[in-house]
Amino acid sequence: VTKTPRPFASRPPVAATLVVNGVPRTRAVAEAMTLLDFLREELALTGTKRGCDGGECGCCTVLLDGEPVLACLTLALEAEGHEVRTIEGIARGPELHPVQQAFVEHGALQCGFCTPAMVLNAVHLLETTAAPSSEAIKDCISGTICRCTGYTKIEAAIAAAAARLTAGAASTED
Ligand code: FES
Ligand code: FES
């Protein structure tokens, strides 16, 4: 008997737990589900934006174990058991994060589509570099496309947030 090979069948979804903004979240996850789909479709965390869905625009950036990654190019199962921070987890309770506050004060957003990614990249920079140079600030947002602002105000906002955090750190050391 000649058997026709069955078409490739992907494995059924498996239960996977990701720690998202400090909270373990378990869902049935298919092999091909991206982290972007996990966040947006399964958890309704739509602050993480779907722009190109192909690794070009940077608007889907989240922090995975503290490092910026493109959620559209990361499989949800790759993030299983790991810490994911999204824009929804950046504010400090009712208070904006200093980076968010600086974006507001400097008018560093217009349509806001790139803003979650810009803020997360800036948060990562300021958590890893005490007094970043203007080149470092430019570099940290270089992977994220903004079609509105021309970037200057974003860079100014990040510099202001860096200065504020540095001043705050100095005053707590006094
Ligand atoms: S949506 Fe991921 S890089 Fe554009
Ligand atoms: S504010 Fe519109 S894409 Fe950046």
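Below you will find a few notes about this structure. (Residues numbered from 1 in each chain as written. Chains lettered and ligands numbered in written order. Predicted model: local features only at pLDDT ≥ 70, side-chain atom pairs only at ≥ 80, totals over all residues. Heavy atoms only, no water.)

## Considerations on the nonpolar core
Core analysis: the biggest nonpolar cluster contains 26 residues, and Val99, Phe103, Met118, Val119, Leu126, Ile154 and Ile158 have the highest contact counts within it. Ranked by residues supplied to this core, first place goes to helix α3 (residues 115-128) with seven residues. With sequence-adjacent residues up to four places away left out, Val99 is seen in contact with Val119, Ala122, Val123, Leu126 and Ala161. (Core = buried A, V, L, I, M, F, W, Y, C linked by side-chain atoms within 4.5 Å. Buried < 20%, exposed > 50% of the residue type's maximum accessible area, 1.4 Å probe, protein only. Helix = DSSP H or I, 4+ residues; strand = E, 2+ residues; numbered from the N terminus. Contact = heavy atoms within 4.5 Å.)

## A short note on the side chain of Thr61
Its location among the elements puts Thr61 in strand β3 (residues 61-64). For Thr61, the contacting residues outside a window of four places in its chain are Pro68, Val69, Leu70, Ala117, Leu120, Asn121 and Thr144.

## As for the pairing of strand β4 (residues 67-70)
Here β3 pairs with β4 via four bridges, running antiparallel. Of the residues in β4, the one forming a bridge with Thr61 is Leu70. (Pairing = 2+ DSSP bridges.)

## Points about the side chain of His124
Structurally, the position occupied by His124 is in helix α3. Note on His124: relative accessible area 15%, which makes it buried. Every residue in contact with His124, bar those within four places of it in the chain, is listed here: Leu63, Gly66, Glu67 and Pro68.

## Regarding the sheet that holds β4
Spatial strand order, β2-β1-β5-β3-β4: five strands in an open sheet with mixed pairing. The sheet is open, and its two borders are formed by β2 (23-29) and β4, each paired with just one other strand. Going from strand to strand, the sheet's axes swing by 40° on average, the running direction of each strand aside. Relative to strand β5 (residues 83-85), strand β1 (residues 14-20) runs parallel, the two being bridged by two bridges. Paired with Val19 across the two strands is Glu83, which belongs to β5. The strands that α3 touches are β3, β4 and β5; relative to β3, the one it contacts most, it runs at about 35°. (Axes fitted to C-alpha atoms, helices over the stretch in contact; angles between N-to-C directions.)

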